[in-house]
Amino acid sequence: PIATPAQVSNRLRAICIGVSTGGPDALQRIIPKLPAGFPVPILIVQHMPPVFTKSLADQLNRFSPLTVHEGSEGMRVEPGNTYIAPGGHQMKVESNGMFELLRITDDPPVNNARPSVNYLFQSAALLYGGQMAAVILTGMGNDGLKGCSDVHQAGGSVISQDAESCVVFGMPRCVQEAGLSHHVLPLDQMAGKLCGLVGIGAVTCR
């Protein structure tokens, strides 16, 4: 089932992406297509062990107009930047009253995952409320289901990858079966959708 379109208030302030098996290829088909000056930050959890997340961030950074970082403690969260949770740690986003910051913790695994999609999404739902979009891509298991539920309840937009373009249709399937997805899209339409959500014409997306 498809959820009723989200009434996202005013404008988006952040996009969060959760992905597991098949993730590096999926991210290569989204992040490099987004234009420089993308008006909101993108926060990503890719299930990966330490070291590999740094390599993934570096690789995406080479091919993207956006600046892609492996997240680190206290890093400011700013538009035009993408942050990948470091392997072996949890990543959440908080405000200190002036800026939005990454918090990197050694909190326990959630859904057997560290980094966990749920952990990031739930912190983002608390901070951004309806002014965010959650994207669930290919992956095994159900990490991200609770986080998407929180985003949905906060009034944010939930987007999930369709079965045909997934390497493993696990994480998106759980979100779709729970009726949480406002949009179900093939991988190659994701970049255009994200541009549309932040008010950039799809033609700008390369």
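The shown structure was predicted, so the numbers you read here are calculated from the model rather than taken from an experiment. Per chain, residues are indexed from 1 in the order of the written sequence. Per-residue local features are limited, in this predicted model, to residues with pLDDT of at least 70; the limit for side-chain atom pairs, both in listing and counting, is 80 or more; totals at the level of whole chains, interfaces and linings are taken over all residues. Hydrogen atoms and water are omitted, and side-chain values are computed over all heavy atoms in the structure.

## Re the pairing of strand S2 (residues 42-46)
Part 1 of the argument: Counting buried positions over the five residues of S2 gives five, a clear majority of the element.
Part 2 of the argument: Burial here depends on accessible area, computed with a 1.4 Å probe over protein chains only, as a share of the maximum for the residue type. Under 20% is buried, over 50% is exposed, and the range in between is partly exposed. To qualify as a helix, a DSSP run of H or I must reach at least 4 residues; to qualify as a strand, a run of E must reach at least 2; elements of each kind are numbered from the N terminus. Of the two faces of S2, the one holding Ile42, Ile44 and Gln46 and the one holding Leu43 and Val45 are both buried throughout.
Part 3 of the argument: In this view, the connection linking strand S1 (residues 14-19) to its parallel neighbour S2 by way of helix H1 (residues 23-28) has right-handed handedness.
Part 4 of the argument: Criterion used throughout: strands pair if DSSP finds at least two bridges between them. Across three bridges, the pairing between S2 and strand S4 (residues 81-84) is parallel. Its bridge partner being in S4, Ile42 is matched across the sheet by Thr82. The definition of a right-handed crossover adopted here requires that, viewed with the strands pointing away, the path from the first strand over the helix to the second runs clockwise.

## Here we look at unusual backbone geometry
Part 1 of the argument: Omega for the bond connecting Arg114 with Pro115 falls within 30 degrees of zero, at 15°, which places this linkage in the cis form.
Part 2 of the argument: One can find Pro115 in the loop between strand S6 (100-105) and helix H3 (117-128).
Part 3 of the argument: For Asn111, which is not glycine, the phi dihedral falls at a positive 55°.
Part 4 of the argument: Structurally, Asn111 is set in the loop between S6 and H3.
Part 5 of the argument: The partly exposed category is assigned to Asn111, whose relative accessible area is 34%.

## Quick look at the packing of aromatic side chains
Part 1 of the argument: Pairing of aromatic rings covers Phe, Tyr and Trp, the last counted by its six-membered ring, and requires centre-to-centre distances within 6.5 Å; plane angles under 30 degrees mean stacked, over 60 mean edge-to-face, and any other angle means tilted. Within this structure, the stated rule accounts for zero aromatic pairs.
Part 2 of the argument: Taking the ring centre of Phe99 as reference, the NZ or CZ of Arg76 above it sits at 3.6 Å. Criterion for a charge above a ring: Lys NZ or Arg CZ within 6 Å of the ring centre, and within 35 degrees of the ring normal.

## With respect to the side chain of Ser181
Part 1 of the argument: In this fold, Ser181 is placed in the loop between helix H5 (171-177) and strand S9 (183-185).
Part 2 of the argument: Overall, Ser181 belongs to the buried group, its relative accessible area being 0%.
Part 3 of the argument: Any pair of nitrogen or oxygen atoms within 3.5 Å is treated as a polar contact; in protein, a donor-acceptor pairing is required on top of that, and neighbouring residues in sequence qualify only through side-chain atoms on both sides. Within polar-contact distance, the side chain of Ser181 engages the side chain of Ser160 at 2.7 Å.

## Here we look at helix H4 (residues 145-154)
Part 1 of the argument: Three or more residues of H4 are buried, namely Gly147, Cys148, Ser149, Asp150 and Val151.
Part 2 of the argument: Once H4 finishes, Gly155 follows within two positions and takes phi at roughly 95°, a positive value.

## A look at the packing of H3 against H4
Part 1 of the argument: The axes are straight lines fitted to the C-alpha atoms, using for helices just the contacting stretch, and the angles between their N-to-C directions are given from 0 to 180°. Orientation of H3 relative to H4, taken along the N-to-C sense of each, is 15°, at an axis distance of 7 Å. Judged on the interaxial angle alone, H4 and H3 are roughly parallel. Between H3 and H4 lies a crossing of left-handed hand. Residues Asn118, Phe121, Gln122 and Ala125 of H3 lie in contact with H4, whose contacting residues are Leu145, Lys146, Gly147, Cys148, Asp150, Val151 and Ala154.
Part 2 of the argument: Residues are grouped as follows: Ala, Val, Leu, Ile, Met, Phe, Trp, Tyr, Cys and Pro are nonpolar; Asp, Glu, Lys and Arg are charged; all remaining types, including Gly, are polar. For the contact of H3 with H4, the class distribution of residues is six nonpolar, three polar and two charged. By definition in this entry, angles of less than 35 degrees are roughly parallel, angles greater than 145 are roughly antiparallel, angles of 65 to 115 are roughly perpendicular, and the rest are oblique. Each helix crossing is assigned a hand: it is left-handed if the near helix lies turned anticlockwise from the far helix by less than a right angle, otherwise right-handed if that turn is clockwise. Contacts are residue-level and defined by heavy atoms, with any inter-residue pair within 4.5 Å sufficient.

## So, the sheet that holds strand S8 (residues 157-161)
Part 1 of the argument: Reading across the sheet, the seven strands line up as S3-S4-S2-S1-S7-S8-S9 and stay open at both edges, with parallel pairing between neighbours. In this open sheet, the two edge strands, each paired with only one partner strand, are strand S3 (67-70) and S9. Strand after strand, the sheet turns through a mean of 20° between neighbouring axes, direction not considered.
Part 2 of the argument: Strands in contact with H3 are S1, S2 and strand S7 (132-136); relative to S1, the strand with the most contacts, it is inclined by about 165°.
Part 3 of the argument: Relative to S8, helix H6 (residues 190-197) is tilted by about 170°, and along the sheet it contacts S1, S7, S8 and S9.

## A short note on the pattern of salt bridges
Part 1 of the argument: The term salt bridge refers to a side-chain nitrogen of Lys or Arg lying within 4 Å of a carboxyl oxygen of Asp or Glu. Considering all chains together, one arrives at eleven salt bridges under this definition.
Part 2 of the argument: Arg13 is the partner of Glu100 in a salt bridge, and the nearest nitrogen-oxygen pair spans 2.7 Å. Linking Glu100 in strand S6 with Arg13 in the segment before S1, this pair joins segments that are 87 residues apart in sequence.
Part 3 of the argument: On the accessibility criterion, Glu100 (18% relative accessible area) is buried.
Part 4 of the argument: Note on Arg13: relative accessible area 23%, which makes it partly exposed.
Part 5 of the argument: Residues Glu94 and Lys92 are paired through a salt bridge, measuring 3.5 Å at the closest nitrogen-oxygen approach.

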